[in-house]
Amino acid sequence: MGIFIELTAADGHRFSAYRCEPTGKPRGGLVVVQEIFGVNSHIRAVADGYAADGYLVVAPALFDRAQRNYETGYTQPDIQAGVAIVQGLKWDNTLADIAAAIGNVKPAGKVGIVGYCYGGTAAWMAASRLPGLACAVPYYGGSIPSLIGEEPKCPILFHWGETDHSIPLEASKKVAAAHPGAVSHFYKAGHGFNCDQRGSYDAASAKLARERTIEFLRKHVG
């Protein structure tokens, strides 16, 4: 179980982050980036899980710039509210917050980043524009196809859903083709397949993707 701490970005913005420590010496650091539903119970559980695997984990509350302590469920109104917040955020600010999160876990060693949905796109942007990352694992980042020209500075592991209504398969295949150096996996599942609180949850795909993620983190982070 983790605790909420406060981080400060380079521009002085102070924001909340959920931090979990492993039981033994950390294998390295890991930034876990939220979906559009805030650092909610699911994201905290994901962070706890990676801490149990030996990483010092921090999940920054990236929506604090718009609304502090933002946390919702997965209804259609929740989705619309989350999308509206994302549309009001600027990448420079979001990346400043992620940079502060990287700095927070850096004492543990090498640092990786894993992001889901909106967080998948954020992980992609961080891999391209921020120093200090050993690897990045974007899960179904909806805006990645429109940011296909970004050039990641670290190894990338993509997880895509073949029946994702938010990201046409053609678009995710195009990203994979444009970045042959990245590892791209496709699952017979829809958007949000990793989240056991959503109707789109696919247990088999989530399990396989997580095993691949851990293997990737072991290789690049520790």
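Structure's up top.
Residues numbered from 1 in each chain as written. Predicted model: local features only at pLDDT ≥ 70, side-chain atom pairs only at ≥ 80, totals over all residues. Heavy atoms only, no water.

### Points about the overall build of the protein
Inference 1: Regarding its fold elements, the protein presents six helices and eight strands.
Inference 2: Computed over the C-alpha atoms, the radius of gyration of the protein is 16 Å, within 12% of the 17 Å expected from 2.2 N^0.38 for a compact globule of 222 residues.
Inference 3: With respect to the principal axes defined by its C-alpha atoms, the protein has extents near 40 × 40 × 30 Å.
Inference 4: Out of the 222 residues belonging to the protein, those deemed buried represent 56%.
Inference 5: Considering only residue pairs separated by 6 or more positions, the protein has 69% of its internal contacts joining residues 24 or more positions apart.
Inference 6: As displayed, the protein offers around 9500 Å² of accessible surface, 53% of which is attributable to carbon and sulfur atoms.
Inference 7: Between the centroid of the 21 positive side chains of the protein and the centroid of its 20 negative side chains there is a distance of 6 Å. (Helix = DSSP H or I, 4+ residues; strand = E, 2+ residues; numbered from the N terminus. Rg over C-alpha atoms; globule rule 2.2 N^0.38 Å. Buried < 20%, exposed > 50% of the residue type's maximum accessible area, 1.4 Å probe, protein only. Contact = heavy atoms within 4.5 Å. Areas by Shrake-Rupley, 256 points an atom, 1.4 Å probe, with all protein chains shown as cover. Lys, Arg positive; Asp, Glu negative; His and termini not counted. Charge placed at Lys NZ, Arg CZ, Asp CG, Glu CD.)

### Things to note about the pattern of salt bridges
Inference 1: Applying the stated criterion across every chain, the model contains eleven salt bridges.
Inference 2: A salt bridge links E21 to R19; its shortest N-O distance comes to 3.0 Å.
Inference 3: The class for E21 is exposed, based on a relative accessible area of 57%.
Inference 4: Put simply, D53 and R210 hold a salt bridge, and the shortest N to O gap is 2.6 Å. Of this pair, D53 sits in the loop between α1 (41-52) and β4 (55-60) while R210 sits in helix α6 (residues 203-220), and the two are 157 residues apart along the sequence.
Inference 5: Taken together, the shared-partner salt bridges in this structure form one network comprising D11, R65 and D97. (Salt bridge = Lys/Arg side-chain N within 4 Å of Asp/Glu carboxyl O.)

### Considering the environment of E71
Inference 1: Note that E71 resides in the loop between β4 and α2 (76-88).
Inference 2: On the accessibility criterion, E71 (44% relative accessible area) is partly exposed.
Inference 3: Considering only alpha carbons, one finds E71 and I43, 28 residues apart in sequence, at a separation of 10 Å.
Inference 4: The residues contacting E71, other than those within four sequence positions of it, are F37, V39, N40, S41 and R44.
Inference 5: Engagement of the side chain of E71 in a polar contact is seen with the side chain of R44, the distance being 3.2 Å. (Polar contact = N/O pair within 3.5 Å; in protein donor to acceptor, adjacent residues only side chain to side chain.)

### Some details on the side chain of E35
Inference 1: With respect to the helices, strands and loops of the structure, E35 is situated in the loop between β3 (28-33) and α1.
Inference 2: Looking at E35, its side chain comes within polar contact range of the side chain of R198, at 2.9 Å.
Inference 3: Those residues in contact with E35, other than ones at most four positions away along the chain, are H42, I43, Y74, Y116, C117, Y118, C195 and R198.

### A word on α1
Inference 1: With twelve residues, α1 ought to run about 16 Å at 1.5 Å a step, and its terminal C-alpha atoms sit 16 Å apart, in line with that.
Inference 2: Those residues of α1 not exposed but buried are H42, I43, V46, A47, D48, Y50 and A51.
Inference 3: Immediately downstream of α1, the backbone of G54 shows phi near 105 degrees, a positive value. (Expected span 1.5 Å × (residues − 1).)

### Here's the deal with the side chain of H220
Inference 1: Structurally, H220 is set in helix α6.
Inference 2: Accessibility expressed as a relative area gives 16% for H220, which makes it buried.
Inference 3: Apart from residues no more than four positions distant in its own chain, H220 is found in contact with K110, A134, C135 and P155.

### Concerning the packing of aromatic side chains
Inference 1: What the rule picks out here adds up to twelve aromatic pairs.
Inference 2: Through a chain of ring-to-ring contacts, the aromatic side chains of Y116, Y139, Y140, Y187 and F193 assemble into a single cluster.
Inference 3: For the cation-ring pair, K173 lies above F186, with the distance from its terminal atom to the ring centre recorded as 4.2 Å.
Inference 4: When the ring centre of Y50 is taken as reference, the NZ or CZ atom of R210 above it lies at 4.9 Å. (Phe/Tyr/Trp six-rings, centres within 6.5 Å; stacked < 30°, edge-to-face > 60°. Lys NZ or Arg CZ within 6 Å of the ring centre and 35° of its normal.)

### Some thoughts on the environment of F63
Inference 1: On the secondary structure map, F63 appears in the loop between β4 and α2.
Inference 2: Take F63: its relative accessible area is 2%, and that puts it in the buried class.
Inference 3: On a C-alpha basis, the gap between F63 and S146 in space is 22 Å, while along the polypeptide they are 83 residues apart.
Inference 4: Contact partners of F63, with chain neighbours within four places excluded, come to Q34, I36, Y70, G82, I85, V86, L89 and Y118.

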